[in-house]
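Residues per chain, in single letters:
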Amino acid sequence: MSADPKTVISAAKASPAGADYFAFFGLPLKLNLDIALLEREFYKLSRKLHPDLYARAGKQEQDWSMEQTSLLNDAYRTLKDPIRRTEYLLHLGGVELEEQSKTATEEARASGAIKKQVVPPELLEEVFELNMQLEELRMNKKMGEDDPALVKELESQRVSLENKHEALLDELKTYWTDWDKLVDGGSEEDRGRVRDQMVGLLNRRNYIRNLVRDVNEVLGD
Amino acid sequence: MSSDRIIGIDLGTTNSLVAFMQGESPVVIPGEDGLNLVPSVVALDEKGRILVGNAAHRCLVQTPERAVYSIKRLMGRGMEDVQQELQLFPFRLAEDLEAGEVIRIQLGDKTFTPPEISAFILRQLKRNAERFFNGPATKAVITVPAYFNDAQRQATKDAGRIAGLEVLRLVNEPTAASLAYGLDRKQNGIVAVYDLGGGTFDVSILKLHDGIFEVIATNGDTHLGGDDIDNLLIAIAIDDIRGDMKLEVSSHGEMVAAIRKAVIEAKIALSSQSAAKLEVELPDGRHYLREITQEQFNQLIQPIIDRTVGPCKQALKDAGLKPDQIDEVVLVGGSTRIPKVRALVEELFQRRPHADVNPDEVVALGAAVQANILSGGSEATENMLLLDVTPLSLGIEVAGGVTDKIILRNSTIPASATEHYTTQVDGQTNVAIHVLQGERELAKDCRSLARFDLKGIPPMTAGMPRIEVKFLIDANGILHVSAREQRSGKESEIEVQPSYGLTDEQVEGMILESFDNAEEDFRQRQIIEARTEAETIVAALEKGRQSPAWGVLTSDEKRQIAQLEDELKATVEGDGYDAIRKAIDALNRGTMRLAELMMDTAVNTALKGKTMDQADTGDGPTAPHPMAKAEFE
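This structure is a prediction, so every number in the text was calculated from the model and none was measured. (Residues numbered from 1 in each chain as written. Chains lettered and ligands numbered in written order. Predicted model: local features only at pLDDT ≥ 70, side-chain atom pairs only at ≥ 80, totals over all residues.)

Residue and element names in this part refer to chain B. In terms of nonpolar packing, the biggest core is built from 158 residues, with I9, A19, V42, V141, A364 and A367 touching the most fellow members. Among the elements that make up this core, the one with the highest residue count is helix α11 (residues 362-374) (10 residues). Judged by nonpolar contacts, the second largest core, of 14 residues, contains A530, A534, L568 and V572. (Core = buried A, V, L, I, M, F, W, Y, C linked by C-beta atoms within 7 Å. Buried ≥ 20, exposed ≤ 12 C-beta atoms within 10 Å, placed from the backbone. Helix = DSSP H or I, 4+ residues; strand = E, 2+ residues; numbered from the N terminus.)

Residue and element names in this part refer to chain B. For chain B, the average pLDDT comes to 87, and 92% of its residues sit at 70 or higher. Below pLDDT 50 for its whole length, residues 609-633 participates in 41 contacts with residues either more than four positions away or in separate chains. Taken over the whole predicted complex, pTM reads 0.79, whereas the ipTM for its chain interfaces reads 0.80. (pLDDT = per-residue confidence, 0-100. Contact = placed C-beta atoms within 7 Å.)

Residue and element names in this part refer to chain B. As summarised here, the arrangement of the 3 strands in space is β6-β5-β7, forming an open sheet in which the pairing is antiparallel. Whereas interior strands pair on both sides, the edge strands pair on one side only; in this sheet they are β6 (50-52) and β7 (67-69). Direction aside, the axes of adjacent strands within the sheet are offset by 15° on average. Sheet topology places strand β5 (residues 41-44) next to β6; 3 bridges connect them, and they run antiparallel. Its bridge partner lying in β6, V42 is registered against V52. Helix α1 (residues 54-62) rests against β5, β6 and β7 of the sheet, and its axis sits at about 70° to β5. Lying over the sheet, helix α3 (residues 114-133) contacts β5, β6 and β7, oriented at roughly 65° with respect to β6. (Pairing = 2+ DSSP bridges. Axes fitted to C-alpha atoms, helices over the stretch in contact; angles between N-to-C directions.)

Each assigned domain of chain B is listed with its residue range as follows: domain 1 (2-224 + 307-387), domain 2 (226-305), domain 3 (392-502) and domain 4 (507-615). Computed over C-alpha atoms, the centres of domain 2 of chain B and domain 3 of chain B are 49 Å apart. (Domains from an automatic or database assignment.)

Turning to the sheet that holds strand β28 (residues 490-491) of chain B, a few remarks are in order. Residues and elements named next belong to chain B. An order of β23-β26-β27-β28 is seen for the 4 strands of this open sheet, with the pairing classed as antiparallel. Only two strands of the sheet have a single neighbouring strand rather than two, namely β23 (415-421) and β28. Sheet topology note: the strand β27 (residues 479-485)/β28 ladder contains 2 bridges and is antiparallel. Directly across from E485, in β28, lies its bridge partner K490.

Time to look at the domain arrangement of chain A. Residue and element names in this part refer to chain A. Split into domains, chain A comes out as domain 1 (21-80) and domain 2 (114-219). Facing 5 residues of domain 1, the contacting portion of domain 2 comprises 5 residues. Residues of the side of domain 1 that touches domain 2, tallied by class, amount to 3 nonpolar, 1 polar and 1 charged. (Nonpolar A, V, L, I, M, F, W, Y, C, P; charged D, E, K, R; others polar.)

This part covers helix α4 (residues 82-92) of chain A. All names here are of chain A. When we look at burial in α4, the residues that qualify are R85, T86, E87, Y88 and L89. The elements touched by buried residues of α4 are α1 (21-24), α3 (59-80), α7 (148-184) and α8 (188-219). Just downstream of α4, G94 is the residue with a positive phi angle, here 85°.

If you want it as structure tokens, here you go:
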């Protein structure tokens, strides 16, 4: 029997957009966070909302539990990680990081091209140099030539980039403190300034992460 | 409340079990034969009846073309994957399989899909539970490897449905094991579960905290297990026989099955002995004999067990932990009995692994604990809650054949992601989405999950519609998709084409078929019982002939009894239950006088001081008829 493999599933209503993860946990829109407290809240809310506790309940309750728990899990996952937390807060403020810009993503998808990223100005020279070296090593590999000196150079560049990547996280945390001070009392202008600093930092950090990825690819790790 | 009974099932590659929580702790429910493990083997006997477990196990060697083992390896898989398996396993594909069809395998002259085969095993377990409860068992928690993808999970759920079970939850095997282990320990800490079974490998890292079992990371290989070790040894034996004994046995089903049996025995022996013998009788009467030392065995299996190292390291990395931050390592699965495996685990995690739990039963016991939690919990489980994760990233194929990951691996489930789509062309009313699972960049390197066709989009200018699509991975690790066009507020109809699975319709069809089979199975059981009864009566009649009472009968009576006995023996060969029943009743009536005489003798003997047992007439004076329904040894 060859049954028609297509099955029709009717869609459920999509959940309301813009659920605020901070509010879900009863937290203010501040970037410094007591992780231990967050975890305790997460466990407490899980014990109230999880689908396992509604296994014998009616369909409506089960659907509600599923919605709420997936929201809880998404919120916890986002707030637990320092970078995601920052990105989320910026997103709530209507700011999008360069890499995540939907418009740019859609344009790239439509044209089939890879999204272009803006090079952070202070890295211009370094990036130029690095890309030259990567291209050279790529060519060597194609020719089947070995260049241990170049490989070593690139490996040390990678370490330097990874250290920069780490250091940026520490820098970000100083902006957090600035931001948190301004949440309760501060001008929109001041907040805008700190926001821009964080956006710039994250863009730089992402760019460096992508560079490291490129180096890894060429070094064949 | 009998209607609330939820059983826990471990549907394993090699063995399956069913368990239930009784009071403080879970217990495994044994089969009719008193054994806890039901081999995951299904066979079709000469009469076309389905055999499961130990009864089917014998068929593996005797009639291998009518038996199948390790069906779990084919669950949720497609034709291309099967080609790989076929090189290592004697799966026979149905001859009339068409491209794009769900695979079916051949058992004798019938064909079945993998979920149907698994359903036979599940039904056996269901029956065992019902016998245990003396009541119905219709709800279950079934375990799956943590690394099972969406299609493999869906196939397992389908198997449950076909077997007449409502599957309330699929639980990941390492997580289930940790539940059974944690129920016992009641300690907080970080636990790593290393689960090496017959066909799959999982490693999970969990945080246990005041009854919460939170999975932090999981990894594995759904193509790695004890079967691979067996296949290696089988290949060596076949090579030896080809080389030394100039005999090609690779396509000789019964020989390969016999070799497999010998290999498994040797493998098990080598867990405690320094050497074991592989011995197989060849068709021409010669014997293949080879000794394997533990050292040789260890060398042979090293590349296979080394494949577990990568997933373990990745799991640790994803969890952001170093081995010394792990408090306990728990071993699960029969293959962890191998000393070399234990040594590898000890080296990887830098501590001696915990081997107190029964590696064969712990997963089923954990499933029973989860079943208990779902039923509302009891005193023992009142603070327990499982927070599991999805093992594979979920992605959408975008322009350029690239995967855009929308839910990352190791995300706690239920988990969701919302994406927005629009149209490229004026008046476009459909949008197609291809969903994948996996970690690779390119769609072609990931596992295709399904194609979703969003329909009924109100026709607008290109780029105007704003379709919000919600992807939700539920607590079973299975994906659900819903969509809505936001400008019109209209819900979109979604047509799903699963890449490797049965449609709801097909599963429905199989449930009905299996009900027909249940009817058929019931009849078969009736016939088997009638035959057993016939055997009992014939045996009792033999005893009757030895007793002094026999001499009292007239030669006419003796002749008549002999005739009825012959008739009964004749009906037993056939398949008509009614005929057997009639013949049994006739013989009973025909031997009534003999029975009475034997009774008198028995009573007389009893009065002389002998017990009924010594007088050898079956059950005591309470049995009304010594030749009916006595326990046949």
